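Now for the letters of each chain:
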Amino acid sequence: MATEIYCPKCRTEMTEGYAVDHTHGGKVQSTWVEGEPEESFWTGLKTSNRAAFRIQAFRCPACHYLEFYTTDQVNI
Ligand SMILES: [Zn+2]
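Residues numbered from 1 in each chain as written. Predicted model: local features only at pLDDT ≥ 70, side-chain atom pairs only at ≥ 80, totals over all residues. Heavy atoms only, no water.

Peer 1: Can you walk me through the packing of aromatic side chains in this structure?
Peer 2: Any two aromatic rings considered together are summarised by their centre-to-centre distance and by the angle between their planes. Tallied over the full model, the rule gives three aromatic pairs. Ring centres of Phe58 and Tyr69 lie 5.8 Å apart, and the angle between their planes is 90 degrees; on these two criteria the pair is classed as edge-to-face. A residue pair is termed long-range when its members are at least 10 positions apart, and Phe58 in strand β7 (residues 52–59) and Tyr69 in strand β8 (residues 66–73) qualify at eleven residues. (Phe/Tyr/Trp six-rings, centres within 6.5 Å; stacked < 30°, edge-to-face > 60°. Helix = DSSP H or I, 4+ residues; strand = E, 2+ residues; numbered from the N terminus.)

The following block contains the structure:
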């Protein structure tokens, strides 16, 4: 996201970042998945045929508030 984001709580400029998931294959960028979580014995959660997007996170350095946005659509 190219534009500056300002904290909705205290109006300080927020710092761009992202959320990380730690898997047995390494570190991956977290994704937002459409719908409610549905457990799977084999994969932990069923995610097939769900819309999914990468998560971008902005952090306020003053009050530590986090704000999330979705970016690229991904297949999971
Ligand atoms: Zn703030």
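Here the narrative resumes, following the displayed structure.
Peer 1: What exactly am I supposed to notice about the pattern of salt bridges here?
Peer 2: Across all of its chains, the model carries two salt bridges by this definition. Of the charged contacts in the structure, one is a salt bridge between Glu38 and Lys46, with a shortest N-O distance of 3.7 Å. We classify Glu38 as partly exposed; its relative accessible area is 39%. Judged by its relative accessible area of 43%, Lys46 falls in the partly exposed class. Glu38 serves as the salt-bridge partner of Arg50, at 3.5 Å between the closest nitrogen and oxygen. Here Arg50 is found in the loop between β6 (44–45) and β7, whereas its partner Glu38 is found in the loop between β4 (31–33) and β5 (39–40), with twelve residues between them in sequence. Arg50 sits in the partly exposed class, given a relative accessible area of 22%. If you follow the salt bridges from partner to partner, you end up with Glu38, Lys46 and Arg50 in one network. (Salt bridge = Lys/Arg side-chain N within 4 Å of Asp/Glu carboxyl O. Buried < 20%, exposed > 50% of the residue type's maximum accessible area, 1.4 Å probe, protein only.)

Peer 1: When you look at the coordination of the zinc ion in this model, what are you seeing that I'm missing?
Peer 2: By definition of the ideal shapes, four donors in a tetrahedron about a metal sit 109.5 degrees apart, and six donors in an octahedron sit 90 or 180 degrees apart. Only Cys7 (SG), Cys10 (SG), Cys60 (SG) and Cys63 (SG) from the protein coordinate the zinc ion, and they sit 2.3 to 2.4 Å from it. Angles of 101 to 121 degrees at the metal separate the four donor atoms of the zinc ion, which places the site in the tetrahedral class. Mapping the donors of the zinc ion onto the primary sequence gives the spacing C-x2-C-x49-C-x2-C. You can see Cys7 sitting in the segment before β1 (15–18) and its partner Cys63 sitting in the loop between β7 and β8, a full 56 residues away along the chain. Residue Cys63 is classed as partly exposed on the basis of its relative accessible area of 36%. (Donors = N, O, S within 2.8 Å, 3.2 Å for Na, K, Ca; no water. Tetrahedral: all angles 85-135°; square planar, octahedral: opposite > 155°, others 65-115°.)

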